There are 2 protein chains.
Amino acid sequence: MTRVLVVDDEPQIVRALRINLRARGYEVDAAPDGRTALDLAARRHPDVIVLDLGLPDMEGAEVIKGLRGWTSVPIIVLSARHASEEKVETLDVGADDYVTKPFGMDELLARLRAAVRRAAPPEEDAVVVTDDFTVDLAAKKAVRDGADVRLTPTEWHVLEVLVRNAGRLVSQQQLLREVWGPSYENETGYLRVYLAQLRRKLEKDPSRPRHLITEPGMGYRFER
Amino acid sequence: MTRVLVVDDEPQIVRALRINLRARGYEVDAAPDGRTALDLAARRHPDVIVLDLGLPDMEGAEVIKGLRGWTSVPIIVLSARHASEEKVETLDVGADDYVTKPFGMDELLARLRAAVRRAAPPEEDAVVVTDDFTVDLAAKKAVRDGADVRLTPTEWHVLEVLVRNAGRLVSQQQLLREVWGPSYENETGYLRVYLAQLRRKLEKDPSRPRHLITEPGMGYRFER
DNA sequence: GGCGGGCGTTAGAACGGCGTTAAGGCGGTG
DNA sequence: CACCGCCTTAACGCCGTTCTAACGCCCGCC
């Protein structure tokens, strides 16, 4: 779950943000001043910070610098000041975005989504592991006994559909449609050939498949 | 040097941006429409894109989607529309920031600095070593048997994309998009020529490549 | 117990894709 | 203006993939 730290000394703004963020599945912490904000940021490691300028105890710029000393968490600044110099200074000390009050909640949430999105790690590899072999969907790679297994485009495509539906039955028609196209729905012979190929390359005992399983008369299923 | 791609069909805005950016040491490319923008983005790999909505040939959202299909370069949108829905939609399809016209040049430049700053990679050791050769991504150099290998710009670009995706399969379309641009996705002949060149210059036995590997029908893969 | 349909397995032929080379064209440089 | 790299393009031969057909097996059904 995404964690948001809201820093503002006006209770009604904190309240409005808390309600809106909670409703969208965010976890919300709140701090009424800069000191508490720095403390909570260190302890709770939020995924994004919404920071109101004009806190009672510290300059906004000081809060940002205090954060930037050790974290690159996205900071979205809220401010009543429209002055260009203030925006420039705030952004240049390390803020990621600057929203002027009064602000539209929809827009703030959209900017928050954008900030979280680009801070997210670039995409993890979707790796599926079985006792006998490993399938890396992102790298388009299958490994067995430590060695890469070479798969042809069609073999890979069939395997991919099955693995993405791991544990579920995939009907022959569905497989044929996704790999060969809608007009090949009756070519069940293709499936027999390619499933045999895949088993020969991946299963320990191809005659007794443990992962690429036939459901007679229905379709095929990948079990990890 | 930081490279900026300015996308706008109004010459005076392009001109103003170009002058201001040049004066601050940026390298500036400009595109008057979406099609040119996508092409230039692929060929020049800007560090940030300033995109005006309301281009003559494409919807702004379409341009953003076209970019987001293969790159995470920061996109700062310029727009005359202040409507909240437009901001939300634009940010949600992948824009990083949304600035309404008329805009202050100082503010835009500050937002641009912020976008570039947070996109900057955390100073990685960009040296990849294999048994047969070494690739230094930062220095843009390849070394084999202690001697520098001379690579043409295109050769280097192809190698760079493959090395940055080390171990992962890179499809022919992806490779062509990133090196030649989206309109070259069918020119698979280029790949055959350039992969042959790279193998001849880098592999010990070019007829049996150990690192620049072809996956027939799918793409290419760099293995260290 | 014979029969037929579905499935697994194998091999070969056709096709398209890939590696390789070299020549032409283009732009940049001295 | 001539030269030189680099990119593009085309031609050719080879290799891998896909398709197709044939055969054997198992199982349920008549």
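As the structure is a prediction and not an experimental result, all values here were calculated from the model.

Each value, and the rule that gives it
What you see as residue numbers is a count from 1 along each chain, following the sequence as written. Here every chain gets a letter starting at A, and every ligand a number starting at 1, in the order they are written. Local features in a predicted model are, by the rule used here, given only for residues with pLDDT of at least 70; side-chain atom pairs are given and counted only at 80 or more, and totals for whole chains, interfaces and linings are based on all residues. Think of the side-chain values as coming from all heavy atoms in the structure, minus any hydrogens and water. Between any two strands, at least two bridges found by DSSP are needed for them to pair. Secondary structure counts use DSSP, requiring at least four H or I residues in a row for a helix and at least two E residues in a row for a strand, with both numbered from the N terminus. Think of each axis as a best-fit line through the C-alpha atoms, taken over the contacting stretch in the case of a helix, with angles from 0 to 180 degrees between the N-to-C directions. In what follows, a contact means two residues having at least one pair of non-hydrogen atoms within 4.5 Å. Multiplying one less than the number of residues by 1.5 Å gives the expected span of a helix. Partly exposed residues are those whose accessible area sits between 20% and 50% of the maximum for their type, while under 20% is buried and over 50% is exposed, using a 1.4 Å probe and protein chains only. Pairing of aromatic side chains here covers Phe, Tyr and the six-membered ring of Trp, requires ring centres within 6.5 Å, and sorts the geometry by plane angle: under 30 degrees stacked, over 60 edge-to-face, intermediate tilted. Nearness of a residue to a molecule or strand requires only that one of the residue's heavy atoms be within 4 Å of it. For the purposes of these results, a polar contact is taken to be a pair of N or O atoms within 3.5 Å, where, inside protein, one atom must be able to donate a hydrogen and its partner to accept one; residues adjacent in sequence count only when each atom of the pair is a side-chain atom. Amino acids outside the nonpolar list (Ala, Val, Leu, Ile, Met, Phe, Trp, Tyr, Cys, Pro) and the charged list (Asp, Glu, Lys, Arg) are all regarded as polar, and Gly is one of them. UniProt positions are given in the numbering used here, feature names are shortened, and annotations may be inferred rather than shown by experiment. Between Lys or Arg on one side and Asp or Glu on the other, a salt bridge is scored when a side-chain nitrogen of the former is within 4 Å of a carboxyl oxygen of the latter.

Visitor: Just checking my understanding: could you explain the sheet that holds strand β5 (residues 97-100) of chain A for this structure?
Guide: For sheets, the rule is that strands pair by backbone hydrogen bonds, running either parallel or antiparallel. Residue and element names in this part refer to chain A. In spatial order, the strands read β2-β1-β3-β4-β5; together these five strands make up an open sheet with parallel pairing. Unpaired on one side and paired on the other, β2 (27-31) and β5 mark the two borders of the sheet. Averaged over all neighbouring strand pairs, the angle between strand axes comes to 20 degrees, with direction disregarded. Along the sheet face, helix α1 (residues 11-23) touches β1 (3-7), β2, β3 (48-52) and β4 (75-79) and points at about 165 degrees away from the line of β2.

Visitor: Sorry, what's going on with helix α6 (residues 153-164) of chain B here?
Guide: One turn of the α-helix equals 3.6 residues, which is why residues spaced by three or four share an orientation. Residue and element names in this part refer to chain B. Compared with an ideal rise of 1.5 Å per residue, which puts 12 residues at 16 Å, α6 spans 16 Å between its outermost C-alpha atoms and is within 8% of the ideal. With nine of 12 residues buried, α6 is to be regarded as a mostly interior element. Every buried residue of α6 is accounted for by E155, W156, H157, V158, L159, E160, V161, L162 and V163.

Visitor: Sorry, what's going on with the packing of aromatic side chains here?
Guide: Working definition: an aromatic ring pair is given by the centre-to-centre distance plus the angle between the planes. Residue and element names in this part refer to chain B. One pass over the structure, following the stated rule, counts eight aromatic pairs over all chains. Residues W180 and Y190 carry aromatic rings whose centres are separated by 5.3 Å and whose planes lie at 50 degrees to one another, so their mutual orientation is tilted. Here Y190 lies in helix α8 (residues 188-202) and W180 lies in helix α7 (residues 172-180), a separation of 10 residues in the sequence. Judged by relative accessible area, which is 31%, Y190 ranks as partly exposed.

Visitor: Could you clarify how one ought to interpret the environment of V127 of chain A in this entry?
Guide: Considering the arrangement of structural elements, one finds V127 of chain A in strand β6 (residues 127-129). Here V127 of chain A falls in the partly exposed class, since its relative accessible area comes to 42%.

Visitor: Just to check I follow, could you spell out the protein's contact with DNA strand C for this structure?
Guide: The environment of DNA strand C is formed by 20 residues, the closest being R199 and T214 of chain A together with Q172, R199 and T214 of chain B. Sugar plus phosphate, as a fraction of atoms of DNA strand C within 4 Å of the protein: 58%. The contact in question runs from a phosphate oxygen of DNA strand C to an N or O atom on the side chain of Y220 of chain B, over 2.9 Å. Counting only elements with at least two residues in the surface near DNA strand C, the list comes to α8 (188-202) of chain A together with α8 of chain B.

Visitor: What am I meant to see in the sheet that holds strand β12 (residues 219-222) of chain B here?
Guide: Residue and element names in this part refer to chain B. Here three strands make up an open sheet; going across it, the order is β10-β12-β11 and the pairing antiparallel. Unpaired on one side and paired on the other, β10 (169-171) and β11 (212-215) mark the two borders of the sheet. Ignoring strand direction, the axes of neighbouring strands in this sheet form an average angle of 30 degrees. Pairing geometry for β11 and β12, over four bridges, is antiparallel. By the bridge assignment, E215 is partnered in β12 with G219. Against the sheet, α6 touches β10, β11 and β12, its axis set at about 70 degrees to β12. On the sheet, α7 packs against β10 and β12 and is oriented at approximately 70 degrees with respect to β10.

Visitor: How should the protein's contact with DNA strand D be read in this particular structure?
Guide: Near DNA strand D there are 17 residues, and of these T152 and T154 of chain A together with R150, T154 and Y190 of chain B occur at the shortest range. At a separation of 3.0 Å, a phosphate oxygen of DNA strand D approaches a polar side-chain atom of W180 of chain A. Take R150 of chain B: an N or O atom from its side chain is 2.4 Å from a phosphate oxygen of DNA strand D. When contributions to the surface near DNA strand D are tallied by element, the ones reaching two or more residues are α6 (153-164) and α8 of chain A together with α6 and α8 of chain B. Each residue belonging to the surface near DNA strand D can be placed in one class, and the counts come to 11 nonpolar, four polar and two charged.

Visitor: Quick question: what am I supposed to make of the environment of V143 of chain A here?
Guide: On the secondary structure map, V143 of chain A appears in strand β8 (residues 141-144). Between the C-alpha atom of V143 of chain A and that of T71 of chain A, which follows or precedes it by 72 residues, the distance is 38 Å.

Visitor: Sorry, what's going on with the pairing of β8 of chain A here?
Guide: Put simply, side chains in a regular strand alternate between the two faces of the sheet. All names here are of chain A. The sheet contact formed by strand β7 (residues 134-136) and β8 spans three bridges and is antiparallel. Bridge pairing in β8 places T134 opposite V143. With antiparallel pairing between neighbouring strands as the criterion, β7 and β8 make up a hairpin whose turn holds four residues, including K140 at a positive phi of roughly 50 degrees. Strand direction decides the pairing type here: β8 and strand β9 (residues 147-149), joined by three bridges, are antiparallel.

Visitor: What should I look at first to understand the UniProt feature "modified residue: 4-aspartylphosphate" (unreviewed entry) in chain A in this one?
Guide: Residues and elements named next belong to chain A. As annotated by UniProt and renumbered to match this structure, "modified residue: 4-aspartylphosphate" (unreviewed entry) occupies D52. Examined against the element boundaries, D52 turns out to sit in strand β3. Here D52 falls in the buried class, since its relative accessible area comes to 2%. Apart from the residues lying within four places of it in its own chain, the contact partners of D52 are V7, D8, E10, L78 and K101.

Visitor: What exactly am I supposed to notice about the pattern of salt bridges here?
Guide: Pairing is possible between side chains that carry opposite charge, provided their charged atoms lie close to one another. Within the structure shown, the criterion is met by 54 salt bridges over all chains. A salt bridge links R210 of chain B to D132 of chain B; the nearest nitrogen and oxygen atoms lie 3.6 Å apart. With a gap of 78 residues between them, R210 of chain B in the loop between α8 and β11 and D132 of chain B in the loop between β6 (127-129) and β7 (134-136) connect regions that are remote in the sequence. The class for D132 of chain B is buried, based on a relative accessible area of 8%. Note that K140 of chain B is salt-bridged to E160 of chain B, the shortest N-O span being 3.8 Å. With a gap of 20 residues between them, K140 of chain B in the loop between β7 and β8 (141-144) and E160 of chain B in helix α6 connect regions that are remote in the sequence. Residue class for E160 of chain B comes out buried when judged on its relative accessible area of 13%. A single network of salt bridges, built from pairs that share partners, joins K87, D97, E107 and R111 of chain A together with K87, D97, E107 and R111 of chain B.

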